[in-house]
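Examination of the molecular architecture
Listed below, chain by chain, are the residues.
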Amino acid sequence: MEARPGRHSARESLPARLADLARGLGDLAGKLGDLAGKFGVRLRAVARTAKNRLSRTPGPARPPADAPATRVAAARARRRRRRAVLAAVAVTGLVAALTYAVRSPAPPPLTRETAPVAAPSDQAPVAPVPGDPVSPGEPLLDLKLEPLPESLSLTVLGKRDWRHWGGTGADSVQRKLRGTGEIQDPGGERLEHNAGVTDLQWMDGVPTAREEGTRAGVFQRGAGKSFTLAVTGSGDLRTVRLFVGTFSAGARLDVSLSGGGDPAVQEVALAAGDRFYQYVIRFRAPREERLLITWRALTVTGGHNDGVALQAITVS
């Protein structure tokens, strides 16, 4: 029984296939040459037969050798010979070209200099995304001053917790209902004022559930007096907004983390009149650490009620 070729047998090489094609073209050229020779022999025989018939048929005398009919026949014969020669030349040139291609050596193997470079990946490079100035989870402290609007909502700003001082007496404090309790206030001697420049509002407070707008707060008289607050760390990034003021005083805000690190400090120059500020503090601290806040009067102009004021604080 004859063995069948395997499914994965090697294909015939390109030089071998070109050589077979050249041999086929050579055979074709030979056949064309034989056909041209036979055609020429037959043409000569037909010419002789016609000549003999003309010689036996009576009629007018033969035209001269340079008659038009004789020139046309000669031109046709020359054209036939020219076409046959051109066909033979074309076939010979094609056979020579194929023979050269078959005999030419195989291209040299790729070297390290000519090796193709790998195609670039279809995936676009990923651009780095800027984040916090420190790695996630590490302590962070940032302080900046922002302008005060005409009104603001402690409910909106204090998603986690908020507090407000004053309004129904120097000791009155409003808290967020079901707040986290992150805000710590040690208390102390305070006086009430109603000199704020922003209407503070809320709708989730206790003991006052809703407030449409109050400018009340508390203050302390004299240089050196201060308010101290703290916010418990949670390990996550938090935003604290502190609303304070000065009454004809110069003051300083000190913000630091209880676990150490560089504090953040901003000062307010001494000037007459009532001024109010919104400080935004971003911080991150572990659960066992706290954000420490001190708002202190450095100097006063000498008036009886000159000092520092405190209104509210929010945590989100």
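Attention here is on the structure that accompanies the text. Quick caveat: nothing in here was measured; it's all calculated off a predicted structure.

What about the side chain of Asp-204?
Along the chain, Asp-204 turns up in the loop between strand 7 (199–202) and strand 8 (205–206). When residues no more than four places from it in sequence are discounted, the contact partners of Asp-204 are Thr-155, Trp-162, Arg-175, Lys-176, Leu-177 and Ala-209.

Considering the pairing of strand 3 (residues 161–165)
Burial of strand 3 is extensive: five of the five residues sit out of reach of the surface. By the alternation rule, side chains of strand 3 split into Asp-161, Arg-163 and Trp-165 and Trp-162 and His-164, which are all buried. Pairing geometry for strand 3 and strand 17 (residues 307–315), over four bridges, is antiparallel. Its bridge partner being in strand 17, His-164 is matched across the sheet by Ala-312. Two elements, strand 3 and strand 4 (residues 173–176), share three bridges in a ladder whose sense is antiparallel. Following the sheet pairing, His-164 is matched in strand 4 by Gln-174.

So, the environment of Asn-305
For Asn-305, the location among the structural elements is in the loop between strand 16 (290–300) and strand 17. Assessed through its relative accessible area of 36%, Asn-305 is described here as partly exposed. Spatially, the C-alpha atom of Asn-305 lies 7.4 Å from that of Gly-222, the residues being 83 residues apart in sequence. Not counting residues up to four positions away in its chain, the partners in contact with Asn-305 are Phe-219, Arg-221 and Phe-247.

Regarding the sheet that holds strand 16
Taken together, five strands build an open sheet; the order of strands is 5-11-16-13-14 and the sheet is antiparallel. Since the sheet does not close on itself, it has two edges, and those belong to strand 5 (183–184) and strand 14 (264–268), each with one partner. Bridge analysis of strand 11 (residues 226–232) against strand 16 gives seven bridges, and the strand direction is antiparallel. What sits directly across from Phe-227, in strand 16, is Trp-295.

Brief notes about the pattern of salt bridges
Applying the stated criterion to the full structure yields nine salt bridges. Linking Arg-252 and Asp-254 is a salt bridge whose minimum nitrogen-to-oxygen distance equals 2.9 Å. What emerges from the salt-bridge pattern is a single network uniting Lys-144, Glu-146 and Arg-241.

Observations concerning the nonpolar core
Core analysis: the biggest nonpolar cluster contains 30 residues, and Val-240, Leu-242, Tyr-279, Leu-291, Ile-293, Trp-295 and Ile-313 have the highest contact counts within it. Within the residue set of this core, elements represented by two or more residues are strand 11, strand 12 (238–247), strand 13 (249–257), strand 14, strand 15 (274–284), strand 16 and strand 17. Of all hydrophobic cores here, the second largest spans seven residues; its members include Trp-162, Leu-200, Trp-202 and Ala-312.

Focus: the packing of aromatic side chains
Enumeration over the complete set of coordinates arrives at six aromatic pairs. With 5.2 Å between their ring centres and 40° between their planes, Trp-162 and Trp-202 make a pair best called tilted. Taken together, the residues span a long stretch of sequence, with Trp-162 in strand 3 and Trp-202 in strand 7 at a distance of 40 residues. Ring geometry for Tyr-277 and Tyr-279: centres 6.2 Å apart, planes at 35°, overall tilted. Both residues of the pair, Tyr-277 and Tyr-279, belong to the buried class.

Describing a positive patch on the surface
A cluster of basic residues, Arg-76, Arg-78, Arg-79, Arg-80, Arg-81, Arg-82 and Arg-83, forms a positive patch on the protein surface. Relative to the elements of secondary structure, Arg-82 occurs in helix 2 (residues 68–103).

Side note on the sheet that holds strand 7
The mixed open sheet is built from three strands, whose spatial order is 2-7-9. Sheet topology places strand 2 (151–153) and strand 9 (211–214) at the edges, where each strand pairs with a single neighbour. Each adjacent strand pair in this sheet contributes to an overall mean axis angle of 20°, direction not counted. Pairing of strand 7 with strand 9 involves two bridges; the strand directions are antiparallel. Bridge pairing links Leu-200 to Thr-214 in strand 9.

Cut-offs used in this document
- Residues numbered from 1 in each chain as written.
- Predicted model: local features only at pLDDT ≥ 70, side-chain atom pairs only at ≥ 80, totals over all residues.
- Heavy atoms only, no water.
- Helix = DSSP H or I, 4+ residues; strand = E, 2+ residues; numbered from the N terminus.
- Contact = heavy atoms within 4.5 Å.
- Buried < 20%, exposed > 50% of the residue type's maximum accessible area, 1.4 Å probe, protein only.
- Pairing = 2+ DSSP bridges.
- Salt bridge = Lys/Arg side-chain N within 4 Å of Asp/Glu carboxyl O.
- Core = buried A, V, L, I, M, F, W, Y, C linked by side-chain atoms within 4.5 Å.
- Phe/Tyr/Trp six-rings, centres within 6.5 Å; stacked < 30°, edge-to-face > 60°.
- Patch = residues over 30% accessible without salt bridge, like charges linked within 9 Å, V, L, I, M, F, W, Y side chains within 5 Å.
- Areas by Shrake-Rupley, 256 points an atom, 1.4 Å probe, with all protein chains shown as cover.
- Lys, Arg positive; Asp, Glu negative; His and termini not counted.
- Charge placed at Lys NZ, Arg CZ, Asp CG, Glu CD.
- Axes fitted to C-alpha atoms, helices over the stretch in contact; angles between N-to-C directions.

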